[in-house]
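# Coordinate inspection notes
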Amino acid sequence: MRTTRTSMVILAIAVAATAAGAWIGWQMRDPQPATPSPVAASSGEGRDHWRATYDPLHFKPAIDTATDAQCLACHREVLDDTVRETSPAGVRAAASKAWYQQLSTYQGAQETFHRRHLLTPMARELMNLRCNTCHQGHDPREEAPGSSATSTPQATTDFTLRKQVDVETTCLKCHGQMNTAIMGLPAPWPESKAVFGDSCLTCHAAIRTRRHQVTYLNAAAIEAAGQQNADTCYGCHGGRAWYGMSYPYPRHAWADMPADLPDWAKNRPTQSEARFQLPASARP
Ligand code: HEC
Ligand code: HEC
Ligand code: HEC
Ligand code: HEC
Ligand code: HEC
């Protein structure tokens, strides 16, 4: 008797689970969510989470021409959310500074990654980053390039395994080591800067002067700020280096450039990455 009752209970649970599974499956396939989602309200009519995850804007070619407003229609949180006031372990954000927040240019309260690059006064002054400056597509399923014949190919520089960006073609541009060896500096910048009047322009007023002519930087504002404070320059060229290596910058020809090509420069490009080049009319 007891065994029969137990099997009845198990059967009832199995039936309930099957029904719930079927209902969830049907819900996922159903293009009309029961309550209108913010997504549907803001742009694509009748889209559900699953369809939004595979929105064409996440992939080539649409991501190349996507505007920030199009991305933010669904992802406002990346700019709206701010950091916790106190970490779960009890550290107050306002009372802690990381090693990369010691440059004289660091200002304001702690901010999230996206806000630091897109919204803070320094970001707006020196840079002109867009969502698709860094985001060139990702893979919501395997989080890996080359996982199928139709996915982004393995050779891509759009994103790398388990990441949504390619750090070597984005972050490294502004967070690599300062290549002091090729500059002929006697010691790392913090130790040698006094010898050069604490200014990069002591040398760079005449060397590699064709710089920052790219869509995501404000070249004139950078020169003005760098003249006042070398930490502005150093910040993007070693002062916040997350990597042990330096970025292999393109080497643009400059006036009075020596005719001899140094060995280290033999494989360097002589132009910025094509997708960031300014239209000819905007170049100085
Ligand atoms: C129609 C709404 C919609 C639009 C437009 C949209 N996204 Fe998304 N995005 C989503 C959804 C939904 C996900 C999946 C979130 C999840 O499942 O955690 C997602 C995931 C992502 C992820 C990966 C998050 C992760 O944790 O894997 C990134 C990065 C991203 N979107 C960036 C962008 C960028 C950049 C744009 C503009 C080019 C954009 N999105 C446009 C809805 C959208
Ligand atoms: C400076 C480069 C950069 C820019 C500019 C940028 N992102 Fe991101 N974004 C990242 C990185 C790095 C991550 C974390 C990726 C990972 O975890 O693999 C990320 C993560 C995300 C995610 C996943 C959720 C999260 O918050 O971690 C979304 C969604 C996203 N970005 C949307 C956007 C949108 C929308 C814009 C434009 C308004 C934008 N991003 C601009 C680099 C950038
Ligand atoms: C075009 C230059 C540029 C690129 C590309 C760039 N960053 Fe930054 N990053 C900056 C600048 C400038 C700051 C300092 C902002 C400030 O102090 O207000 C910064 C600050 C940071 C910080 C510190 C934030 C804080 O609040 O202290 C982190 C972390 C960071 N970047 C990570 C990344 C990662 C990861 C990528 C690649 C996805 C990236 N950055 C790409 C210029 C860049
Ligand atoms: C002693 C003179 C000198 C000083 C001071 C100096 N540089 Fe340089 N820098 C050079 C020389 C020389 C080169 C290589 C020129 C060439 O391409 O042949 C160079 C190259 C560079 C490059 C390109 C690196 C590459 O891999 O192509 C960057 C970026 C750079 N300097 C930034 C800075 C910044 C930022 C500062 C200040 C924090 C600074 N430099 C201070 C002399 C100097
Ligand atoms: C916001 C970040 C940022 C700041 C601030 C910054 N740089 Fe750069 N710099 C870059 C990036 C990114 C590139 C590569 C651009 C490209 O691909 O053409 C670059 C390229 C260069 C180059 C190589 C030029 C060439 O031949 O193409 C030199 C030299 C240089 N910077 C020096 C400086 C000096 C000097 C300052 C201060 C006046 C400075 N940078 C400030 C991000 C920055």
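Computed from a predicted structure; not experimentally measured.

## With respect to the overall build of the chain
Across its full length, the chain holds 15 helices and zero strands. When burial is assessed residue by residue, the chain has 10% of its 284 residues classed as buried.

## Section: the site of ligand 3
Near ligand 3 lie 24 residues; those nearest to it are Arg116, Met122, Thr170, Cys171 and Cys174. Sorting the residues of the shell around ligand 3 by element identifies α7 (113–118), α8 (121–126), α10 (171–175) and α15 (230–239) as the ones contributing at least two each. Top element by residues in the shell around ligand 3 is α10. It accounts for four residues.

## Observations concerning the confidence of the model for the chain
Residues of the chain with pLDDT of at least 70 account for 83%, and the chain-wide mean is 89. Confidence drops under pLDDT 50 across residues 27–41; counting only partners more than four residues distant or on other chains, this segment forms 13 contacts.

## Quick look at the site of ligand 4
Near ligand 4 lie 22 residues; those nearest to it are Met183, Cys200, Cys203, Cys233 and His237. Secondary structure elements with two or more residues in the shell around ligand 4: α11 (180–183), α13 (201–204) and α15. Considering every element that reaches the shell around ligand 4, the biggest residue donor is α15, with four residues.

## Thoughts on the nonpolar core
With eight residues, the main nonpolar core is built from Cys174, Met178, Trp189, Cys200, Ala230, Cys233, Tyr234 and Cys236. Sort the elements by how many residues they give to this core and α15 lands first, with four residues. The residues contacting tryptophan 189, other than those within four sequence positions of it, are Met178, Thr180, Tyr234 and Gly238.

## Some details on unusual backbone geometry
Here the bond from lysine 60 into proline 61 is cis, since omega is 0 degrees, no more than 30 degrees from zero. Inspection of the secondary structure puts proline 61 in the loop between α3 (49–53) and α4 (62–65). Positioned with a positive phi, arginine 208 is a non-glycine residue whose angle comes to about 50 degrees. Considering the arrangement of structural elements, one finds arginine 208 in the loop between α13 and α14 (219–228). Taking the number of C-beta atoms within 10 Å as the measure of exposure, arginine 208 has 14 and is therefore partly exposed. Unusually for a residue other than glycine, histidine 212 sits at a positive phi of about 65 degrees.

## Some points on the environment of proline 269
Structurally, proline 269 is set in the segment after α15. In this structure, the C-alpha to C-alpha distance between proline 269 and histidine 252, residues 17 residues apart in sequence, is 8.1 Å.

## Here's the deal with the environment of glutamine 154
Structurally, the position occupied by glutamine 154 is in the loop between α9 (131–134) and α10. By the C-beta count within 10 Å, which is 9 here, glutamine 154 ends up exposed. Taking the C-alpha atoms as reference points, glutamine 154 and alanine 144, 10 residues apart in sequence, are found 8.4 Å from one another. Beyond its immediate sequence surroundings of up to four residues, glutamine 154 is in contact with Pro145 and Gly146.

## Points about the environment of proline 56
With respect to the secondary-structure elements, proline 56 resides in the loop between α3 and α4. On the basis of neighbour counts, which here come to 10 C-beta atoms within 10 Å, the residue proline 56 falls in the exposed class. The sequence separation of proline 56 and glycine 137 amounts to 81 residues, and the corresponding C-alpha distance is 9.7 Å.

Conventions adopted
Residues numbered from 1 in each chain as written. Chains lettered and ligands numbered in written order. Predicted model: local features only at pLDDT ≥ 70, side-chain atom pairs only at ≥ 80, totals over all residues. Helix = DSSP H or I, 4+ residues; strand = E, 2+ residues; numbered from the N terminus. Buried ≥ 20, exposed ≤ 12 C-beta atoms within 10 Å, placed from the backbone. Near = placed C-beta within 6 Å. pLDDT = per-residue confidence, 0-100. Contact = placed C-beta atoms within 7 Å. Core = buried A, V, L, I, M, F, W, Y, C linked by C-beta atoms within 7 Å.

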